[in-house]
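# Results of the structural survey
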Amino acid sequence: MKRRVPLVITFLAGVIIVVTFFIPHEPFGSLEQRLLIWASIIGGFAALLGIDNLIKHHLSKLFRRERGWFYSLVTLVGIFGTLASGIVTWIIYGTPLALLSGLKVGGFLWVYNWIIVPLQGTMFSLLAFFIASAAYRAFRARTFDALLLMSAAILVMLGHLSIGLVPALVGALLFALLLVTSGVYRLFLRKLAAGIILIVIGLAVGVLAVVYRGMMVDLAIQVKEWVMGFPQLAARRGILIGLVLGGIAMSVRLILGIERTYISST
Amino acid sequence: MIFLIFLALSQMPDANGVAEAEMPVPPRPVDSLKVNDTPNDAGKSLDLAWQLSADTVRIAKYVVLRAESPQGPFTEIVQLMIPTDYYTDQDTLLENKKDYYYRVDVVDTAGLVASSEITGPVRPMAQWFNTARIPILVVTVFYSILVILYIELAKRDTGKMFVRRIAGLDAIDEAVGRSTEMGKPILFTFGIGYLTDIATIAALSILRRIAKRSAEYETRLIVPNYDPVVMAAAQETVKQGFVEAGRPDLYNDSDITFLTSDQFGYAAGVDGIITREKPGTIFLQGIFYAESLILAETGHNIGAIQIAGTVMPEQLPFFVAACDYTLLGEELFAASAYIDRDPQLLGSLKSEDMVKIVTVAIIALVSLVGTVGFILASYVHGWEENIIVKLYQIAVNLFTSA
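All of these numbers come straight from a predicted model, not from anything done at the bench.

Attention shifts here to the overall build of chain A. Scanning chain A from N- to C-terminus turns up 9 helices and 0 strands. Across chain A, helices and strands are ordered from the amino to the carboxyl terminus as α-α-α-α-α-α-α-α-α. With the C-alpha coordinates aligned to their principal axes, the bounding extent of chain A is approximately 70 × 55 × 45 Å. Counting all 266 residues of chain A, 29% fall into the buried class. Contacts in chain A between residues at least 24 apart in sequence constitute 45% of all its contacts with a sequence separation of at least 6. Surface accessibility of chain A: about 16,900 Å² in total, with carbon and sulfur atoms responsible for 76%. For chain A, the centre of its 22 positive side-chain charges and the centre of its 8 negative side-chain charges are spaced 11 Å apart.

Listed below in structure tokens is the structure:
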């Protein structure tokens, strides 16, 4: 019974949603939206579940003096401090979201503007450094695939930069040099085919860069658009088609009750 | 003298002439105003279309007016400040099965107004079937039949279904074992998805397998959560895995906790846990946005073996760069079938492959038809509007109409 009821609910909800997709007439047309509102309401109540879990977990760590109890204390101070600032603002101004003039804001919004937002910004800015370190690893041209990845990245970056003619030319020549060097390295490793291909491509890029040096900036943009518009888009669409079909298959499995791993059997 | 008088008169400004020259001429109105019920909708919507005024350059605005009788009164419903030849009236005051009349006025830069003919009556109606979605219905029915068919076939021919190796899923046991050998915990994160996301449900099946293995190896499993509903589902799933392994006593509720529903707060929280607990293995499975690389790079920095999987194409390169194994998109959906080897689930995977073959064949065929039609239309005299181009257009319309 414990398994059957969720399966029946899943089946009914799934079938209703699929049917309403094809029937615009009321009450079917807005049923999906209505069910989403129900999900939001359930989500709102579930937030209480989350807060309860969070407070219990950290109180327990704090009272037992477990390892890292100080972080639990900081978390609890954060939770109750934010809550208190909201209640106080509400009592004073009639709403927790009170906005005063200029930089003066109600307590709750002060916490939001001057603590939460800067913390979010700090975390987000870390991404720049992580991208740099990940790119360094990903673009080390140890294999032919990694070299292709790095080449595509360099071409796209060159196309995105609002640089002048000389930097564009220097960038293209450095890229050509990189390909030639990489080719020579592969010849030393006795990978003749890969080495010759890389040297030929490198020389071709170098010659083209010198011959068409006046068009380097436009060329960089066109190359970038080609890379983004064809090889990148083709790969992306391949992944998306697979995703959509996989998603439909998963949905059919869920609706028919074949996929049950999300339901406890105990 | 008479000549001078006539000369003087001829030099005087002609009152009638001035009036003619300065007489403001109203602009020409819009033409062929047509109003129709918006197709394939729930009603309360009408589509208007007209031909722009011949004096477009001096028109300041187009004003759409509506009335419930041809005599009026007409109420202004919108002012369109740029030359526009269509408008969809979705006013909440519109009632289904009720007659409405429309008029479009043009106002020129001098403020002169010209009205179109009154068009009506028209009734907004709700439709019982969205005909634009027939191709989707056909594909859905075809695909669903194929899924059921292959599931039945799989039930009969158990063991004959070949599924290609998915390195990321094969590595689960190895990764759990490695963590056990190192005496370190395992960390699993769903990212910032909700239980309404299919990817999160797919990730739950991977979590169950991991929970079972970690219970067998007596390794701690930490699952910090972004959404309380996902947390509750994760607790149930892990509990289930521990029961299946025969070790329900090892289950610890406080290892599967709620962190926060703030994206970067969650990233900071998980990063903190990774830095403090130093898990031997990290699983990143589900929905990820900008926090993907923040989590994956932190995991990489502590030397954890990382297995990622997401349905977000934008995040896949980050995971490929920072993780040891990555489940690319649909591989995440295939996880439960791959892990459990249940014939019914494997059957649905096979049907997915079949539909993929059909889809690729259709794309190739339509591309070929389009290319050939375009070449013929461009270079062969008399083939400007050939049947191949029409076929291509029909195919494109069929798949883009909804």
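So, about helix α7 (residues 192-211) of chain A. Counted at 1.5 Å a residue, the expected span for α7 of chain A with its 20 residues is 28 Å, and the 28 Å between its end C-alpha atoms agrees. Those residues of α7 of chain A that are buried lie in contact with α5 (144-160), α6 (165-188) and α8 (216-229) of chain A.

To continue, consider the side chain of Gln235 of chain B. Inspection of the secondary structure puts Gln235 of chain B in helix α6 (residues 228-244). Discounting residues that sit within four places of it in the chain, Gln235 of chain B has contacts with Asn53 of chain A together with Tyr251, Asp253 and Ile256 of chain B.

Next up on the list: the packing of aromatic side chains. Taken as a whole and assessed by the stated rule, the structure comprises 13 aromatic pairs over all chains. A centroid spacing of 5.8 Å and a plane angle of 80° characterise the contact between Tyr226 of chain B and Tyr266 of chain B, whose relative ring orientation is edge-to-face. Placement of Tyr226 of chain B in the loop between β10 (221-225) and α6 and of Tyr266 of chain B in helix α7 (residues 263-277) is noted, with a sequence separation of 40 residues between them. The exposure class of Tyr226 of chain B is buried, given its relative accessible area of 10%. Residue classification places Tyr266 of chain B among the buried positions, given a relative accessible area of 0%. Taken together, the aromatic side chains of Phe21 and Phe22 of chain A together with Phe129 of chain B make up a single cluster linked through ring pairs. A cation over a ring is seen here: Arg65 of chain A above Trp69 of chain A, with NZ or CZ 4.8 Å from the ring centre.

A few words on the interface of chain B and chain A. Each side of the interface is counted separately: chain B has 70 residues, and chain A has 54 residues. Between chain B and chain A, the buried area comes to about 5,400 Å², and carbon and sulfur atoms account for 71% of it. At the boundary of chain B with chain A, the tally comes to 3 salt bridges. Residues Arg236 of chain A and Glu314 of chain B are paired through a salt bridge, measuring 3.0 Å at the closest nitrogen-oxygen approach. At the surface where chain B touches chain A, the tally comes to 15 residue pairs in polar contact (both at pLDDT 80 or more). A per-element tally of the side of chain B that touches chain A places helix α12 (residues 343-379) of chain B first, with 9 residues. Class assignment for the residues of the side of chain B that touches chain A results in 39 nonpolar, 17 polar and 14 charged.

What follows is about the sheet that holds strand β13 (residues 305-310) of chain B. Adjacent strands of a sheet pair through backbone hydrogen bonds, lying either parallel or antiparallel. All names here are of chain B. In spatial order, the strands read β11-β10-β9-β12-β13-β14; together these 6 strands make up an open sheet with parallel pairing. Sheet topology places β11 (256-258) and β14 (325-328) at the edges, where each strand pairs with a single neighbour. With strand direction ignored, the average angle separating the axes of adjacent strands in the sheet is 15°. Across 5 bridges, strand β9 (residues 186-191) lies against strand β12 (residues 281-287) in parallel orientation. Paired with Phe188 across the two strands is Phe283, which belongs to β12. With respect to the sheet, helix α4 (residues 167-182) is in contact with β9, β12, β13 and β14, its orientation differing from that of β13 by roughly 145°.

Structurally, chain B comprises domain 1 (31-122), domain 2 (167-333) and domain 3 (357-400). A C-alpha centroid distance of 37 Å is found between domain 1 of chain B and domain 3 of chain B.

Moving on to the confidence of the model for chain B. This prediction gives chain B a mean pLDDT of 86; 93% of its residues lie at or above 70. Within the model, pLDDT remains below 50 along residues 15-20 of chain B, and this stretch shows 1 contact once partners closer than five positions in the same chain are excluded.

This part covers a nonpolar patch on the surface. There is a patch of nonpolar side chains on the surface, built from Val8, Phe11, Leu12, Val15, Ile16, Val19 and Leu256 of chain A together with Ile148 of chain B and spanning about 610 Å² of accessible area. Broken down by element, the nonpolar patch gets its largest block of residues, 6 residues, from helix α1 (residues 4-22) of chain A. Mapped onto the secondary structure, Val19 of chain A falls in helix α1. The exposure class of Val19 of chain A is partly exposed, given its relative accessible area of 38%.

Calculation rules
Residues numbered from 1 in each chain as written. Chains lettered and ligands numbered in written order. Predicted model: local features only at pLDDT ≥ 70, side-chain atom pairs only at ≥ 80, totals over all residues. Heavy atoms only, no water. Helix = DSSP H or I, 4+ residues; strand = E, 2+ residues; numbered from the N terminus. Buried < 20%, exposed > 50% of the residue type's maximum accessible area, 1.4 Å probe, protein only. Contact = heavy atoms within 4.5 Å. Areas by Shrake-Rupley, 256 points an atom, 1.4 Å probe, with all protein chains shown as cover. Lys, Arg positive; Asp, Glu negative; His and termini not counted. Charge placed at Lys NZ, Arg CZ, Asp CG, Glu CD. Expected span 1.5 Å × (residues − 1). Phe/Tyr/Trp six-rings, centres within 6.5 Å; stacked < 30°, edge-to-face > 60°. Lys NZ or Arg CZ within 6 Å of the ring centre and 35° of its normal. Buried area = accessible area lost by both parts, 1.4 Å probe. Salt bridge = Lys/Arg side-chain N within 4 Å of Asp/Glu carboxyl O. Polar contact = N/O pair within 3.5 Å; in protein donor to acceptor, adjacent residues only side chain to side chain. Nonpolar A, V, L, I, M, F, W, Y, C, P; charged D, E, K, R; others polar. Pairing = 2+ DSSP bridges. Axes fitted to C-alpha atoms, helices over the stretch in contact; angles between N-to-C directions. Domains from an automatic or database assignment. pLDDT = per-residue confidence, 0-100. Patch = residues over 30% accessible without salt bridge, like charges linked within 9 Å, V, L, I, M, F, W, Y side chains within 5 Å.

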